[in-house]
Amino acid sequence: MSQIKIRAALETALATITPIVDTQYENTAYTPKTGVPYQSVSLSINSTNPTLGDAFYREIGIMLVTLHYPLLGGTFDIMTQAEKIRTKFRRGQSFTKDNISVLCDKTPDIRSLPNEPDRFVVAVKIYFYSNIIS
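Residues numbered from 1 in each chain as written. Predicted model: local features only at pLDDT ≥ 70, side-chain atom pairs only at ≥ 80, totals over all residues. Heavy atoms only, no water.

A. Looking closely at the pairing of strand β7 (residues 119-133). Here β7 lies mainly inside the structure; eleven of its 15 residues are buried. One ladder, built from 15 bridges, connects strand β3 (residues 56-70) with β7; its direction is antiparallel. Note that in β7 the partner of Thr 66 across the bridge is Ala 123. The sheet contact formed by strand β5 (residues 100-104) and β7 spans two bridges and is antiparallel. Following the sheet pairing, Cys 104 is matched in β7 by Phe 128. (Buried < 20%, exposed > 50% of the residue type's maximum accessible area, 1.4 Å probe, protein only. Helix = DSSP H or I, 4+ residues; strand = E, 2+ residues; numbered from the N terminus. Pairing = 2+ DSSP bridges.)

B. Representation of the pattern of salt bridges in the model. The full count for this structure, using the stated rule, is seven salt bridges. Between Glu 83 and Arg 86 there is a salt bridge, with the nearest N and O atoms lying 4.0 Å from each other. In this pair, Glu 83 and Arg 86 both sit in helix α2 (residues 76-88), three residues apart, roughly one turn of the helix. When its relative accessible area of 37% is taken as the criterion, Glu 83 is described as partly exposed. Among the salt bridges present, the one from Arg 111 reaches Asp 109, with a minimum N-O distance of 3.3 Å. Judged by relative accessible area, which is 44%, Arg 111 ranks as partly exposed. Each of Arg 7, Glu 11 and Glu 26 takes part in a single network of salt bridges with overlapping partners. (Salt bridge = Lys/Arg side-chain N within 4 Å of Asp/Glu carboxyl O.)

C. Spotlight on the environment of Thr 28. The residue Thr 28 is located in the loop between β1 (22-24) and β2 (38-48) in this model. Of the polar contacts made by the side chain of Thr 28, one reaches the backbone oxygen of Tyr 25; its length is 2.6 Å. (Polar contact = N/O pair within 3.5 Å; in protein donor to acceptor, adjacent residues only side chain to side chain.)

D. Up close: the environment of Asp 105. For Asp 105, the position within the fold is in the loop between β5 and β6 (109-116). Beyond its immediate stretch of four places on either side in the chain, Asp 105 contacts Arg 91, Tyr 127, Phe 128 and Tyr 129. (Contact = heavy atoms within 4.5 Å.)

E. Spotlight on the nonpolar core. Counting 28 residues, the largest nonpolar core has Leu 10, Met 63, Ile 85, Phe 89, Ile 126 and Phe 128 as its most contacted members. Broken down by secondary-structure element, the contributors of at least two residues to this core are α1 (2-14), β2, β3, α2, β5 and β7. Here the element with the most residues in this core is β7; it accounts for six residues. (Core = buried A, V, L, I, M, F, W, Y, C linked by side-chain atoms within 4.5 Å.)

F. Geometry of unusual backbone geometry. For the bond from Thr 18 to Pro 19, the omega torsion is 0°, close enough to zero to count as cis. Within the secondary structure layout, Pro 19 lies in the loop between α1 and β1. A positive phi angle is found at Leu 72, which is not glycine, with a value near 70°. With respect to the helices, strands and loops of the structure, Leu 72 is situated in the loop between β3 and α2. The backbone phi angle of Asp 98 is positive, close to 55°, even though this residue is not glycine. Asp 98 gets classed as exposed once you look at its relative accessible area, which sits at 56%.

Just geometry here; none of it tells us what the structure is for.
Okay, here's the thing in structure tokens:
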């Protein structure tokens with residue numbers, strides 16, 4: 001259940017960033033609207049055991065938020081949104097769902113990706129970990 005709570009904590013925090021951007025979450029149906037920006041979200045988590053004992057482990061991961069903005073609209077709007085995400089998930093920020101806390105341990109990366117046919121694409125990589133005690 002820890003990964004479900006980690007995802008919920010991070011996605012809930014992302015949803016508080018304004019203005020609200022249409023969001024495509026993993027394994028959900030979404031049809032982009034012509035001329036309307038949207039973001040897609042994916043999560044990659046790897047468990048590690050940094051200490052001895054079977055009651056503790058650490059979930060380490062990356063949440064990737066990919067911004068898809070209309071092509072030929074310049075970079076101001078998309079980079080403003082990327083910076084808002086970077087600020088929300090800044091190094092040292094934490095988010096909690098039930099008894100699971102998620103800590104952002106690095107400054108998020110922002111980088112351009114190859115354009116889609118009608119979209120300029122920028123990715124924000126959010127680094128995190130969560131110590132799980134069972």
